[in-house]
Amino acid sequence: MIEQNRNDALNKVFMAISELSDKYAYVVIIGATYHVFDVPNAFVVTATIYTALGVLSITKSVFHEARPFFVSDITPTKCWLEYGNPSGHSITSSALYLTVWDLMCRRFQADKSQRRISLAFTLFTCFLIAFSRIYHGVHTYNQILLGWMFGISLYYFFCHVVYNDMIRFCSQTDRKTCSELFFNNGTFVFYAIYAIAIFNFLFGNLIHPAPEEWAETINRNCSKLSGQAYDDPETENFIRFNLASTIAGSYLGLIIEQRYMGTHKYKEFNKTTPFITMLRVIICTITGSPSLAGLILCPSKGIHWTTKLLFKTVIPISLGNFYLFGCSKYVALKAGLINTRMV
């Protein structure tokens, strides 16, 4: 029904809406929150979105459920080729945007009316993103709903269960030993999730092999979309998972900044005038953009999956995260673009 009512204008609109919860949006939002929140709160946002991506990868492999165009004659507007359940855009948009909403309300001390209005806008944005996935023909309603359930749960976990512990830890990494930095509850979760992802990648197809009919149907439905190449869902899943692993860059940057850069004492560095803030964002974006070159320059199609994994995902995004949390404040300090008042 929806496929029959598509047109070029709607395709562009809903593709733009989908991009609000894709990797380019994550990069922009994480960068923006760094210049709005203090560093520990910005790291909470980062941890939320990357944990959502890690949970997404594991649950997709566990459920190994087909996307609509894997099993039916539906032509998607773009062929996302990892498993379908839960919807990645639903889990990441609800986790990320609700977390940003909550922390923005705390940061600017929003009253009840402002919280309700902004919450309504946030939920409407999440709904539009979810509907765009139905429109594109890449998810079913149950996949959307499960994504929302996981995303809201992760938002609540990071903003209301472990929030105080994370803020405390992220404010004191310069006082931690190397053992405490690399062997703690957070890093143990990271190691466990990565181990599970590797296990799924290596053995997922043996445990629950993708039916051959899927490949035939996918190739038929995606044949009109140039440059699309099919890898098995576990491989596609593992490529996407490694977006989550790039939180290591943020964490290492956080440690380096507090232990060696000497800028962690400027806790209210981003409390500057709108003009200075804009200049700081521009300067930090320009100086940090070389680290993200692979994300932009490396092609998405026609390359081996390992090349895509390393040079379009892991290396550029890890370096970008490291620069943001480890070096950007120092660059802004040297440019005279931060608030140096001590608190």
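Our structure is the block above this text.
All of the points below concern the structure found in this document. (Residues numbered from 1 in each chain as written. Predicted model: local features only at pLDDT ≥ 70, side-chain atom pairs only at ≥ 80, totals over all residues. Heavy atoms only, no water.)

1. Notes on the packing of helix α2 (residues 23–34) against helix α16 (residues 305–326)
Link 1 in the chain: As a packed pair, α2 and α16 sit with axes 11 Å apart at the nearest point and diverge in direction by 10 degrees. As summarised for this structure, α2 and α16 are arranged roughly parallel, according to the angle between their axes. Contacts between α2 and α16 involve K23, Y24, I30, G31 and Y34 from the former and K312, L324 and F325 from the latter.
Link 2 in the chain: Looking at the contact of α2 with α16, its residues break down into 5 nonpolar, 1 polar and 2 charged. (Axes fitted to C-alpha atoms, helices over the stretch in contact; angles between N-to-C directions. Helix = DSSP H or I, 4+ residues; strand = E, 2+ residues; numbered from the N terminus. Parallel < 35°, antiparallel > 145°, perpendicular 65-115°, else oblique. Contact = heavy atoms within 4.5 Å. Nonpolar A, V, L, I, M, F, W, Y, C, P; charged D, E, K, R; others polar.)

2. With respect to the packing of helix α1 (residues 8–18) against helix α6 (residues 112–135)
Link 1 in the chain: As a packed pair, α1 and α6 sit with axes 8 Å apart at the nearest point and diverge in direction by 130 degrees. If you check the angle between α1 and α6, you find them oblique. Like other packed secondary-structure pairs, α1 and α6 cross with a definite hand, here left-handed. Contacts between α1 and α6 pair L10, N11, F14, I17 and S18 from the former with L128, I129, F131, S132, R133 and Y135 from the latter. (Left-handed = near helix turned anticlockwise from the far one by under 90°.)

3. Quick notes on empty space enclosed by the protein
Link 1 in the chain: Here the structure, examined in full by the defined rule, presents 1 cavity of 30 Å³ or more.
Link 2 in the chain: The calculated volume of the largest cavity comes to roughly 160 Å³.
Link 3 in the chain: Forming the boundary of the largest cavity are 19 residues, of which L53, L56, E82, G88 and R240 lie nearest the centre.
Link 4 in the chain: Those elements that place two or more of their residues in the lining of the largest cavity are α3 (39–63), α5 (88–107) and α12 (233–245).
Link 5 in the chain: When grouped by side-chain class, the residues that make up the lining of the largest cavity number 6 nonpolar, 7 polar and 6 charged. (1 Å grid on protein atoms, 1.4 Å probe; cavity = no way out; pocket = protein on both sides within 12 Å on 5 of 7 lines; lining within 4 Å. Points joined across faces, edges and corners; volume = space filled by probe spheres on them.)

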